[in-house]
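These are the residues of each chain, in order.
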Number of protein chains: 6
Amino acid sequence: MVNGIVLPIKKVFSLVDTKILIEIKDDNRKLQGRLVAVDEYLNIHMDETTELVDGQRGRNLGTVVIRGNNILSISPSS
Amino acid sequence: MVNGIVLPIKKVFSLVDTKILIEIKDDNRKLQGRLVAVDEYLNIHMDETTELVDGQRGRNLGTVVIRGNNILSISPSS
Amino acid sequence: MVNGIVLPIKKVFSLVDTKILIEIKDDNRKLQGRLVAVDEYLNIHMDETTELVDGQRGRNLGTVVIRGNNILSISPSS
Amino acid sequence: MVNGIVLPIKKVFSLVDTKILIEIKDDNRKLQGRLVAVDEYLNIHMDETTELVDGQRGRNLGTVVIRGNNILSISPSS
Amino acid sequence: MVNGIVLPIKKVFSLVDTKILIEIKDDNRKLQGRLVAVDEYLNIHMDETTELVDGQRGRNLGTVVIRGNNILSISPSS
Amino acid sequence: MVNGIVLPIKKVFSLVDTKILIEIKDDNRKLQGRLVAVDEYLNIHMDETTELVDGQRGRNLGTVVIRGNNILSISPSS
């Protein structure tokens, strides 16, 4: 059904080992960190993770695994 | 079960490379951008993405991957 | 597991090409329009879509694809 | 994994053609009606459906298909 | 992927025919009752069910089937 | 699709028998305890579980099974 199309998940795979920004669903926090691993459900393993609350750097969270269904968006972190 | 019927997802596939408007669930933001890729879960890879808050153009988000389950609707952007 | 039973989704398939009413989860809007296509996840492709807010006709949305998990209910529109 | 156990869904199948009460997630409404069909996702096709708001009989909804993931509970209606 | 590990669901299977306590997602109610059946999605069939609101015994609900995705946690009821 | 990549879930498997911290979706509670078992859906079986509310130690919950979709994140507990 999707052959010949580059899947959205391929974009995320290309971000492994780089810094990403994650928006959490229904939450005013964002999480920024290095993408260690991702799977087909968009479950994310990050390290060097920090919270961003209203654009302000918050707590250091270190290593976290985030469940994909609660992630709104993933983008490269500039 | 669905043979002979054109699937809803086919409509979205037809929008690849065009401008789309995404409504996020439980969120007063919409996202507008160019649809780069979509998969069977309606995960979306967009670029040239901008937020629309209450119909007003908001921040430029550039490239984002949005998880399908948090998307309420996808429509062609006029 | 479900043989011999007419599935709920068959009811929705029977509504293709007719006017339907969709209740969105956690949202005071309903969407009314013509059902173009539906799949096993209850993803919906509608056209001639209009919003109903508190029973009042709202904006015209035209063509939309709605993700099934965010749909509360689908019914024939009288 | 579940052989030898009567599945929860079997309980719901046993309610086909009887009156049931559905609690919707995050919603103070309940829906009461006759269970016409149900599938493995607990998608529900009901008819003769009426809303119950704070225990008071509300609008008649007639025939509705409700998506399983937004259903909190299903019980026999006494 | 999970061989050699005792799955979380096995813990729940071990609770069949005993009293359990269920926390509902985004709801200040808990449900207490006897676990009749459970499946791999953590759909639950309980009987002798009573609501607990703020630790106070509430209504008797009798027999209910609860959809797994709306369950936050399941624990043995002491 | 994901071969050659260490999956996020492998990180969680590595935490079995150690103390973890779980963030619940849309909830100001965190749960801290020993990870007994986890499956591919990130369903979690913990024991010695305690609530953390606003960083304060709350009730002891003992043994709980938490459904994966309602978990926001899992991290090693320092």
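Residues numbered from 1 in each chain as written. Chains lettered and ligands numbered in written order. Predicted model: local features only at pLDDT ≥ 70, side-chain atom pairs only at ≥ 80, totals over all residues. Heavy atoms only, no water.

Draft legend 1. The arrangement of the overall build of chain A in detail. For chain A, the count of helices and strands is one helix and five strands. The linear arrangement of helices and strands in chain A, starting from the amino end, is α-β-β-β-β-β. Taken against the 2.2 N^0.38 rule, which gives 12 Å for 78 residues, the C-alpha radius of gyration of chain A at 13 Å falls within 12% of a compact globule. For chain A, the spread of C-alpha atoms along the three principal axes comes to 40 × 25 × 20 Å. Residues classed as buried in chain A amount to 56% of the 78 residues present. (Helix = DSSP H or I, 4+ residues; strand = E, 2+ residues; numbered from the N terminus. Rg over C-alpha atoms; globule rule 2.2 N^0.38 Å. Buried < 20%, exposed > 50% of the residue type's maximum accessible area, 1.4 Å probe, protein only.)

Draft legend 2. View of the pattern of salt bridges. As enumerated under the stated definition, the model contains 49 salt bridges over all chains in all. Residue B:Asp27 pairs with B:Arg29 through a salt bridge whose shortest N-O separation is 3.2 Å. With relative accessibility at 12%, the residue B:Arg29 sits in the buried group. With a closest N to O distance of 2.7 Å, B:Glu51 and B:Arg29 form a salt bridge. With B:Glu51 in strand E3 (residues 44-53) and B:Arg29 in strand E2 (residues 29-38), the pair connects residues that are 22 residues apart, well separated along the chain. Across the pair, B:Arg29 and B:Glu51 agree in class, each one buried. Bridged by salt links that share partners, the residues A:Lys25, A:Asp26, B:Lys25, B:Asp26, C:Lys25, C:Asp26, D:Lys25, D:Asp26, E:Lys25, E:Asp26, F:Lys25 and F:Asp26 form one connected network. (Salt bridge = Lys/Arg side-chain N within 4 Å of Asp/Glu carboxyl O.)

Draft legend 3. How the structure looks around the interface of chain E and chain F. Counting residues at the interface gives 23 residues for chain E and 23 residues for chain F. In this structure, F:Asp26 and E:Lys25 form a salt bridge, with 3.9 Å as the shortest nitrogen-oxygen distance. For the interface between chain E and chain F, the tally reads nine residue pairs in polar contact (both at pLDDT 80 or more). Breaking the side of chain E that touches chain F down by element, the ones donating at least two residues are helix H1 (8-13) and strand E5 (71-76) of chain E. The dominant element in the side of chain E that touches chain F, judged by the number of residues it contributes, is E5(E), at six residues. When its residues are assigned to classes, the side of chain E that touches chain F shows 13 nonpolar, five polar and five charged. (Contact = heavy atoms within 4.5 Å. Polar contact = N/O pair within 3.5 Å; in protein donor to acceptor, adjacent residues only side chain to side chain. Nonpolar A, V, L, I, M, F, W, Y, C, P; charged D, E, K, R; others polar.)

Draft legend 4. Inspection of the pairing of strand E3 (residues 44-53) of chain A at higher detail. Residue and element names in this part refer to chain A. Judged by how many residues are buried, E3 sits mostly within the fold: eight of ten residues are covered. In sequence, strand E2 (residues 29-38) turns back onto E3 through a hairpin of five residues, with Leu42 there showing a positive phi of about 65 degrees. Here seven bridges tie E3 to strand E4 (residues 56-66), and the two strands are oriented antiparallel to one another. Bridge assignment links His45 to a residue of E4, and that residue is Val65. The loop that links E3 with its antiparallel partner E4 comprises two residues; one of these, Asp54, has a positive phi angle of about 50 degrees. (Pairing = 2+ DSSP bridges.)

Draft legend 5. Inspection of the interface of chain B and chain A at higher detail. With 23 residues of chain B in contact, the opposing surface of chain A contributes 23 residues. Counting the contacts that link chain B with chain A gives two salt bridges. A:Glu23 is the partner of B:Arg29 in a salt bridge, and the nearest nitrogen-oxygen pair spans 3.2 Å. At the surface where chain B touches chain A, the tally comes to nine residue pairs in polar contact (both at pLDDT 80 or more).

Draft legend 6. Summary view of the arrangement of the chains. What separates chain B from chain D at the closest point of their C-alpha atoms is a distance of 12 Å, and the two make no contact. The two partners chain A and chain E share no contact, and the minimum distance between any of their C-alpha atoms is 12 Å.

Draft legend 7. Quick look at the relation of the copies chain B and chain A. For these two chains of identical sequence, chain B goes onto chain A by a turn of 60 degrees and a shift of 0.0 Å along the axis, with RMSD 0.0 Å. On this basis, the relationship between the two copies can be described by a six-fold rotation axis. Across chain B, the smallest distance between a C-alpha and the rotation axis is recorded for B:Asn69, namely 6.8 Å. (Least-squares fit on C-alpha atoms with pLDDT ≥ 70 in both.)

Draft legend 8. Region of the structure containing the environment of A:Val16. All names here are of chain A. Mapping Val16 onto the fold places it in the loop between helix H1 (8-13) and strand E1 (19-24). As for Val16 and Ile44, which are separated by 28 residues in sequence, their C-alpha atoms are 10 Å apart. Residues within four places of Val16 in sequence aside, it is in contact with Leu35, Val36 and Val38.

Draft legend 9. Region of interest: the layout of surface pockets. In this structure, the second largest pocket occupies an estimated 340 Å³ of space. Around the second largest pocket sit 18 residues that line it, and A:Leu21, A:Lys30, A:Ser75, B:Arg59 and B:Leu61 are the ones nearest its centre. Those elements giving two or more residues to the lining of the second largest pocket turn out to be E1, E2 and strand E5 (71-76) of chain A together with strand E4 (56-66) of chain B. Among the elements that take part in the lining of the second largest pocket, E4(B) stands out by supplying four residues, more than any other. (1 Å grid on protein atoms, 1.4 Å probe; cavity = no way out; pocket = protein on both sides within 12 Å on 5 of 7 lines; lining within 4 Å. Points joined across faces, edges and corners; volume = space filled by probe spheres on them.)

Draft legend 10. Structural context of unusual backbone geometry. Positioned with a positive phi, A:Glu48 is a non-glycine residue whose angle comes to about 50 degrees. Looking at where A:Glu48 falls in the secondary structure, it is placed in strand E3. Residue A:Glu48 is classed as exposed on the basis of its relative accessible area of 57%. In the Ramachandran plot, E:Asp17 falls in the positive-phi region, its phi being about 80 degrees despite a non-glycine side chain.

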